[in-house]
Protein chains: 2
Amino acid sequence: METILKTVSRSPITNKDYPIPATVNDQAGIDQFLSVHPGKKVVVVQGMGFVGSVMGLVVANAITEEYAVIGIDLPTPASWWKICSINEGVFPVLASDPKISEYYAKSREKKNYYATCDPYAYSKADVVIVDINLDVKKQTGPGHELLDYTVDLTPFKKAVESIGNNCRQDVLVLVETTVPPGTTEKVVKPLLQECLQKRGLPVDQLKVGHSYERVMPGPKYIDSIQNFYRVFAGTDAMSTEAVEKFLRTVIRTDEFPLTRLGHTNATEMAKVLENSFRAMNIAFMVEWSRFAEEASVDIYEVVNAIRMRPTHKNIMLPGLGVGGYCLTKDPLLASWARMNLFNSNDPLLQSEKGVRINDKMPLYAFEYLQSQYKDSLSGKKVLLLGVSYLNDVGDTRYTPVEGFYNQLQEAGAEISLHDPHVLYWEEKDTWVTQDLNKLLEQDYDIITITTGHKEYRSNPALMAKLQEKTPAVIYDTIGVLTNEEIKTLSDKHMVRVLGRGDLQG
Amino acid sequence: METILKTVSRSPITNKDYPIPATVNDQAGIDQFLSVHPGKKVVVVQGMGFVGSVMGLVVANAITEEYAVIGIDLPTPASWWKICSINEGVFPVLASDPKISEYYAKSREKKNYYATCDPYAYSKADVVIVDINLDVKKQTGPGHELLDYTVDLTPFKKAVESIGNNCRQDVLVLVETTVPPGTTEKVVKPLLQECLQKRGLPVDQLKVGHSYERVMPGPKYIDSIQNFYRVFAGTDAMSTEAVEKFLRTVIRTDEFPLTRLGHTNATEMAKVLENSFRAMNIAFMVEWSRFAEEASVDIYEVVNAIRMRPTHKNIMLPGLGVGGYCLTKDPLLASWARMNLFNSNDPLLQSEKGVRINDKMPLYAFEYLQSQYKDSLSGKKVLLLGVSYLNDVGDTRYTPVEGFYNQLQEAGAEISLHDPHVLYWEEKDTWVTQDLNKLLEQDYDIITITTGHKEYRSNPALMAKLQEKTPAVIYDTIGVLTNEEIKTLSDKHMVRVLGRGDLQG
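**Overview of the overall build of chain A**
- Along the backbone of chain A there are 16 helices and 19 strands.
- The C-alpha atoms of chain A give 24 Å as radius of gyration, which agrees with the globular expectation for 505 residues (23 Å, within 12%).
- Dimensions of chain A along its principal axes, counting C-alpha atoms only, are 75 × 50 × 45 Å.
- Residues classed as buried in chain A amount to 58% of the 505 residues present.
- For chain A, contacts bridging at least 24 residues in sequence account for 74% of all contacts bridging at least 6.

**Here we look at the interface of chain B and chain A**
- Taken together, the 58 residues of chain B in the interface contact 58 residues of chain A.
- Both faces combined, the contact of chain B with chain A buries some 5400 Å², and carbon together with sulfur accounts for 69% of it.
- The three residues of chain B that bury the most area against chain A are Trp 288, Phe 291 and Gln 350 of chain B, which together make up 13% of that side's buried surface.
- Counting the contacts that link chain B with chain A gives four salt bridges.
- Here chain B is connected to chain A by 34 residue pairs in polar contact (both at pLDDT 80 or more).
- Elements with a minimum of two residues in the side of chain B that touches chain A: strand 12 (259–260), helix 9 (264–294), helix 10 (299–306), helix 11 (330–340) and helix 12 (349–373) of chain B.
- In terms of residue count, helix 9 of chain B provides more of the side of chain B that touches chain A than any other element does, 20 residues in total.
- Split by residue class, the side of chain B that touches chain A holds 35 nonpolar, eleven polar and twelve charged.

**Observations concerning the pairing of strand 11 (residues 231–234) of chain B**
Residue and element names in this part refer to chain B.
- Here strand 11 shows two buried faces, one formed by Val 231 and Ala 233 and the other by Phe 232 and Gly 234.
- In this sheet, strand 11 lies alongside strand 10 (residues 207–212) in antiparallel orientation, the contact comprising four bridges. Directly across from Ser 211, in strand 11, lies its bridge partner Phe 232.
- Relative to strand 12, strand 11 runs parallel, the two being bridged by two bridges. Looking across to strand 12, one finds that Val 231 is bridged to Thr 259.
- In terms of handedness, the path from strand 11 via helix 8 (residues 237–250) over to strand 12 forms a crossover that is right-handed.

**Overview of the packing of helix 6 (residues 183–198) of chain B against helix 9 of chain B**
- Interaxial distance between helix 6 of chain B and helix 9 of chain B falls to 8 Å at its minimum, and their mutual angle equals 115 degrees. Facing helix 6 of chain B, whose interface residues are Thr 183, Thr 184 and Glu 185 of chain B, helix 9 of chain B presents Thr 264, Asn 265 and Glu 268 of chain B.

**Focus on the packing of helix 10 (residues 299–306) of chain A against helix 9 of chain B**
- Where helix 10 of chain A meets helix 9 of chain B, the closest approach of the two axes is 9 Å, and the angle between their N-to-C directions is 55 degrees. One element, helix 10 of chain A, and the other, helix 9 of chain B, form an angle in the oblique class. Judged by the twist between their axes, the crossing of helix 10 of chain A over helix 9 of chain B is right-handed. Residues Ile 299, Glu 301, Val 302 and Ile 306 of chain A of helix 10 of chain A touch helix 9 of chain B, and the partners they reach there are Ala 266, Met 269, Ala 270, Leu 273 and Glu 274 of chain B.

**Some thoughts on the pattern of salt bridges**
- On inspection of all chains with the given rule, the structure shows 46 salt bridges over all chains.
- The residue Glu 274 of chain A makes a salt bridge to Arg 309 of chain B at a minimum N-O spacing of 2.6 Å. Of this pair, Glu 274 of chain A sits in helix 9 (residues 264–294) while Arg 309 of chain B sits in the loop between helix 10 and helix 11, placing the two residues on different chains.
- Note on Arg 309 of chain B: relative accessible area 12%, which makes it buried.
- Between Asp 395 of chain A and Arg 397 of chain A there is a salt bridge, with the nearest N and O atoms lying 2.9 Å from each other.

**Describing helix 9 of chain B**
Residues and elements named next belong to chain B.
- For helix 9, which comprises 31 residues, the first-to-last C-alpha distance of 46 Å matches the rise-based estimate of 45 Å (1.5 Å per residue) to within 8%.
- Burial runs high along helix 9: 29 of the 31 residues are buried.
- One or two positions beyond helix 9, positive phi appears at Ser 296, with a value near 55 degrees.

**Here we look at the environment of Gly 71 of chain A**
Residues and elements named next belong to chain A.
- Along the polypeptide, Gly 71 turns up in strand 4 (residues 67–72).
- A sequence separation of 13 residues divides Gly 71 from Val 58, and the C-alpha atoms of the two residues are 12 Å apart.
- Every residue in contact with Gly 71, bar those within four places of it in the chain, is listed here: Val 45, Met 48, Tyr 113, Tyr 114, Ala 115 and Thr 116.

**Thoughts on the packing of aromatic side chains**
- Using the criterion set out here, one finds 30 aromatic pairs over all chains in the structure.
- On the numbers, 6.1 Å between centres and 35 degrees between planes, the contact of Tyr 368 of chain A with Tyr 475 of chain A is tilted. Residue Tyr 368 of chain A is found in helix 12 (residues 349–373), and its partner Tyr 475 of chain A is found in strand 18 (residues 473–476); the two are separated by 107 residues along the sequence.
- Here the aromatic residues Phe 284, Trp 288 and Phe 291 of chain A together with Phe 342 of chain B are joined through ring pairs into a cluster of three or more.
- In this arrangement the basic side chain of Arg 397 of chain A is found over the ring face of Phe 50 of chain A, its NZ or CZ atom lying 4.1 Å from the centre.

**Notes on the state of the cysteines**
All names here are of chain A.
- Throughout the structure, instances matching the rule amount to zero disulfides over all chains.
- We note that Cys 117 lacks a disulfide partner, and the nearest cysteine sulfur, in Cys 84, lies 8.5 Å from it.
- Residue classification places Cys 117 among the buried residues on the basis of a relative accessible area of 8%.

**A closer look at the domain arrangement of chain A**
All names here are of chain A.
- The domain architecture assigned to chain A consists of domain 1 (20–269) and domain 2 (281–497).
- The straight-line distance from the C-alpha centre of domain 1 to that of domain 2 is 33 Å.
- Listed as interface residues are 26 residues of domain 1 and, on the opposing side, 28 residues of domain 2.
- In total, domain 1 and domain 2 occlude about 2400 Å² of area from one another, counting both sides; carbon and sulfur atoms represent 63% of this.
- Interface area lost by domain 1 to domain 2 is led by His 144, Leu 146 and Tyr 149, which between them contribute 23%.
- We note a salt bridge from Lys 138 to Asp 359, for which the minimum N-O separation is 2.8 Å.

**What about the sheet that holds strand 12 of chain B?**
Residues and elements named next belong to chain B.
- Pairing is mixed across the open sheet formed by eight strands, whose spatial order is 5-4-3-6-9-10-11-12. Each edge of the open sheet carries a strand with a single partner, namely strand 5 (113–116) and strand 12.
- Each of strand 10 and strand 11 is contacted by helix 9, which is oriented at about 20 degrees to strand 10, the strand it contacts most.

**Observations concerning the sheet that holds strand 19 (residues 494–497) of chain A**
All names here are of chain A.
- Taken together, the five strands give an open sheet; going across it, the order is 14-13-17-18-19, and neighbouring strands pair in parallel fashion. The open sheet has two edge strands with one neighbour each: strand 14 (414–418) and strand 19. Neighbour-to-neighbour, the strand axes of this sheet turn through a mean angle of 15 degrees, independent of strand direction.
- For strand 17 (residues 446–449) and strand 18, the ladder comprises four bridges, and the chain directions are parallel. From the neighbouring strand, Ile 447 faces strand 18, where its bridge partner is Ile 474.
- Sheet strands in contact with helix 12 are strand 17, strand 18 and strand 19, and its direction is about 155 degrees off that of strand 18.
- The strands that helix 13 (residues 401–410) touches are strand 13 (381–385), strand 14, strand 17 and strand 18; relative to strand 13, the one it contacts most, it runs at about 175 degrees.

Scoring rules and cut-offs
- Residues numbered from 1 in each chain as written.
- Chains lettered and ligands numbered in written order.
- Predicted model: local features only at pLDDT ≥ 70, side-chain atom pairs only at ≥ 80, totals over all residues.
- Heavy atoms only, no water.
- Helix = DSSP H or I, 4+ residues; strand = E, 2+ residues; numbered from the N terminus.
- Rg over C-alpha atoms; globule rule 2.2 N^0.38 Å.
- Buried < 20%, exposed > 50% of the residue type's maximum accessible area, 1.4 Å probe, protein only.
- Contact = heavy atoms within 4.5 Å.
- Buried area = accessible area lost by both parts, 1.4 Å probe.
- Salt bridge = Lys/Arg side-chain N within 4 Å of Asp/Glu carboxyl O.
- Polar contact = N/O pair within 3.5 Å; in protein donor to acceptor, adjacent residues only side chain to side chain.
- Nonpolar A, V, L, I, M, F, W, Y, C, P; charged D, E, K, R; others polar.
- Pairing = 2+ DSSP bridges.
- Right-handed = clockwise from strand over helix to strand, strands pointing away.
- Axes fitted to C-alpha atoms, helices over the stretch in contact; angles between N-to-C directions.
- Parallel < 35°, antiparallel > 145°, perpendicular 65-115°, else oblique.
- Left-handed = near helix turned anticlockwise from the far one by under 90°.
- Expected span 1.5 Å × (residues − 1).
- Phe/Tyr/Trp six-rings, centres within 6.5 Å; stacked < 30°, edge-to-face > 60°.
- Lys NZ or Arg CZ within 6 Å of the ring centre and 35° of its normal.
- Disulfide = S-S within 2.5 Å.
- Domains from an automatic or database assignment.

This is how it looks when you write it as structure tokens:
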């Protein structure tokens, strides 16, 4: 991010440019907003990303209480447009969930969701929800395989300090960020106390807790926050009570009871363990996928047979790789915490190994293509179907398609991109086509299915189109082609599927 | 097993001794049995162990057909008593499932389940079901940790040959044994063909398939075979059809549809993958369990919170270790097959690692006790609650309690054993007490919960008894003690729980 050089922040939704303000001062705006909501409790959500902005919506549409909600983020090119958007009437997250626009419209009507970059907002807060990122910095090789990683708490601490330097002494700070286990108790709470003490304020009314959402961008975005099980803990009895009381006002706890754990270390661990469980289960399948290729077995057929057992429902499928913000980093956050916050000599070796295996998957997918294609890829026309990391969602964060794309690019291939949900691929600074028919007017040497969007699944129109094309390599990296489709396509094309040895199956 | 020296086979159920016969010849017995069942199809089940003997019962009580069933096993001290028992009216498997005795009584009434050691039986078979063991030989260290392993197919091949040397040319041989993927096609079928050819018989009517049960000894023993999903495949179209037709007569396929896979390699892989999935998920939790101890977190509380998510229901709990016949060896069978039957250079490293981690768990449990106990264990009185590997079941095969027990013994502890389901611990050649009250008349230095039997869970009488005892170390290796129980016990005893750092939780 060229934070220093850029002076405007461009909305990828409207393409509108917003000049970065010279000062963060927005006291007048905040006071004006709050003057419309006398007597209401004020909730400030720190971080207007994929989670925070929607969490703000959920609080603005709380179930049993009327809150005045202020979203806060930094006046950077990456974030300033979100602040402006929220205040102008354009919600900064595109999602297929109709509840998003419904809830946003309601909050516009009630005028109870304001956004700002001024930390002055914290001084008005009864509750501050921390929804900022805490990143793992990965050093990766050319195929995006993990070489090493570091966790730097500095930006996170800075954000906590900006709360501590402004908040009321009796505020409830609820950390929702996925943090290294131990962070709330060992980092957040002492830092807030230190700030209060420096300001000459007592610390005995400060309340600090941790609770994690299980948000899933997509068609059930809002429900994944408001209508789902949530785990929480406080750093002491007073904090625990305050967290529980607050959560009960925003979440349907009648249908989805809260789970209270004994310690914030436990809630923080639960979150990263959840994601490590998924990541490891994918990693586990990678070697079985290779074995299946060798033994002429269709691993997808095998996994579906195994999923008949309730005790084995969570067995995962392999594919091109693992993407998104959580599964790619949370096992490392946990391992780092074990060594750095609890001074253990042992990393979480198995969990780290899971990330390492997953991060190598795109490289393997490329090498398999190369082994089947044999010829040089230089100048070859390659079409990638799908760039997001998740079916039917336009999220490209840490998408495994990137490692695969990089390898193709390095080999000199001429790449065309299709994705019905991605207009612009931020990480690669490149535009993506939505019109598949138009793309298929051209011929390709290789057509690769890289995301499992429903547009590529059992779509007779797509099959017919592919049948008309000049013979090509059709490469399914995630097993979306059916046996019948493979048979039909094989009449003309060379079809290859990752994790399948025998395509006559 | 002292196969060579022993001349009798003793039933552990009735304690009756059966002299090993001088000859396997039982032609008269078999002919006599079959003469009562003219026109019925004959099913021979090879192997009268935990699976075969019960599979025989299920076939004798088939749903849509009347079969004459012959169980066959070797006239060894370990097996001969089973043959005699079945014919005498005592079923050779003790189980809490009432359907076992119900089904056995019915088969006695119909006189349609006979047992023998004479391979002559194969000559009468329409269907032979292979339910013998195929073992992995592990080389283990003093704490039962895995050093190396080998798979020797010789005994399995010998058993297949005994079928091939006697069977009809149009027999259906259905392999149910958990085998290294590839075995049915690469070993069983060629071996049977070779035998037929040596006998001057054609091989084009021979039918060979693979299907695996998901049998679970315990209260739903019969249902786990008859009323559960089953996966199958044949080595060719004729075989596939024959297997499907047979399975439809014995399994409730209306409620539990059969899953047909494209190849026996696939069904064999599915079986070992199922078990590797479980084994790996336990292994994954081991390091998190250690992390939880370091971070004062109760891993059981955390796992229960995570299991609220349907996508995470299969997350496992750690504990003393992993036991039983499947999870401890199937990942190794698979890895061996990859290298030896498919000539891959790569073992299934992750899956092997899972077994290695699990096999080390009892050693860790012992070392943790030693680190907490500090004093020498020599001469100390230790009570182990539970020796079987599974809750509420009397199965001691590969129980992790063995590694823990060995370590205690080596340290010179005086060990008392309790298990409501185990009379005699075969592997350790030792008797086990069922009367807990009597055991608790004495005092102990250490009382360890080593199996999660319901007798040890939320049992106020046991808690009261423990409260009366002289102060001891109470060591829960599987997290069955509740927070309240821990609190109560801690008034007097030193309580330690594996995977829990903070016992005031």
